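Architecture and fold: a report
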Amino acid sequence: MATPEQVRDALAQRLSGLQRQGGGTTLEVLEVKVPSVYPELLLKIRVGVSGQLWEVSLDYQGHEASLVSGDLAEDTLNYLGFLVHTHLFEWWHTKDTEKFSASMGKRLD
C-alpha cells in the first residue's frame, strides 16, 4: 500500500497549479495533504479561486480508496487525478446550493 506521503507527492505533481474548466472557471491547487490512506483516502486540498483561498476535504471510500492500495501505477494516478479534478470543480459549482458540498470546503481568507 502506498504511504500518505507517496500519494501526496504523486497527486501534487498532477494537480498543482492552474486547473481549467470550460466556461472560464480556473482553480489553482496550492497544496495537497493526505492525512489517511486506509481504510479511506482522505485528501485536504488548498485551492485559490476567484481571489479566494479555500481548503477542500475529499473523502474517498470503497473503490476510490482502494486505488492507492497498490503500487501507484501511472494509469491509476491519472485516473485519481482526474477524479479529484472533477470533484473540485463540482464542489466549486455546488458549494452555495448544496449542503453536502458546502460542508466539504472552508474559506481561509
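Right, let's walk through the structure included here.

About the cut-offs
Residues numbered from 1 in each chain as written. Predicted model: local features only at pLDDT ≥ 70, side-chain atom pairs only at ≥ 80, totals over all residues. Heavy atoms only, no water. Helix = DSSP H or I, 4+ residues; strand = E, 2+ residues; numbered from the N terminus. Rg over C-alpha atoms; globule rule 2.2 N^0.38 Å. Expected span 1.5 Å × (residues − 1). Buried < 20%, exposed > 50% of the residue type's maximum accessible area, 1.4 Å probe, protein only. Pairing = 2+ DSSP bridges. Phe/Tyr/Trp six-rings, centres within 6.5 Å; stacked < 30°, edge-to-face > 60°. Lys NZ or Arg CZ within 6 Å of the ring centre and 35° of its normal. Salt bridge = Lys/Arg side-chain N within 4 Å of Asp/Glu carboxyl O. Axes fitted to C-alpha atoms, helices over the stretch in contact; angles between N-to-C directions. Left-handed = near helix turned anticlockwise from the far one by under 90°. Contact = heavy atoms within 4.5 Å. Nonpolar A, V, L, I, M, F, W, Y, C, P; charged D, E, K, R; others polar.

Okay, the overall build of the protein chain next. Looking only at helices and strands, the protein chain features 4 helices and 5 strands. Walking the protein chain from its N terminus toward its C terminus, one meets helices and strands in the order α-β-β-β-β-α-α-α-β. For 109 residues, the compact-globule formula gives about 13 Å, and the C-alpha radius of gyration of the protein chain, at 13 Å, lands near that figure. Across its three principal directions, the C-alpha atoms of the protein chain cover 35 × 25 × 25 Å.

Another point: helix 3 (residues 74–94). When the terminal C-alpha atoms of helix 3 are compared, their 30 Å separation across 21 residues agrees well with the 30 Å that a helix rising 1.5 Å per residue should span. Of the positions making up helix 3, those classed as buried are Leu77, Leu80, Gly81, Leu83, Val84, Leu88, Phe89, Trp91, Trp92 and Thr94.

In terms of burial, strand 3 (residues 41–49) is a largely internal element, 7 of the 9 residues being buried. Where strand 2 (residues 26–36) meets strand 3, 6 bridges bridge the pair, whose relative direction is antiparallel. Residue pairing across strands places Lys33 opposite Lys44, the latter belonging to strand 3. Where strand 3 and strand 4 (residues 52–60) come together, 9 bridges link them in antiparallel fashion. Each bridged residue has a counterpart across the sheet, and for Gly48 the counterpart in strand 4 is Leu53.

A few words now on the packing of aromatic side chains. Per the stated rule, a full pass over the model turns up 3 aromatic pairs. Three or more aromatic residues joined by ring pairs make a cluster, and in this case those are Trp54, Trp91 and Trp92. Lys95 extends its terminal NZ or CZ atom over the ring of Trp92, reaching a point 4.2 Å from the ring centre.

So, on to the pattern of salt bridges. The final tally for this structure, using the stated rule, is 5 salt bridges. In this structure, the salt-bridge partner of Asp96 is Lys95, at a minimum N-O distance of 3.2 Å. Its relative accessible area of 67% is what places Asp96 among the exposed residues.

So, about the packing of helix 1 (residues 4–15) against helix 3. Running from N to C, helix 1 and helix 3 point in directions that differ by 65°, and their axes come no closer than 10 Å. For helix 1 against helix 3, the interelement crossing comes out right-handed. For the pair helix 1 and helix 3, the contacting residues are Ala10, Leu11, Arg14 and Leu15 in the first and Glu74, Leu77, Asn78, Leu80, Gly81, Val84 and His85 in the second. Split by residue class, the contact of helix 1 with helix 3 holds 6 nonpolar, 3 polar and 2 charged.

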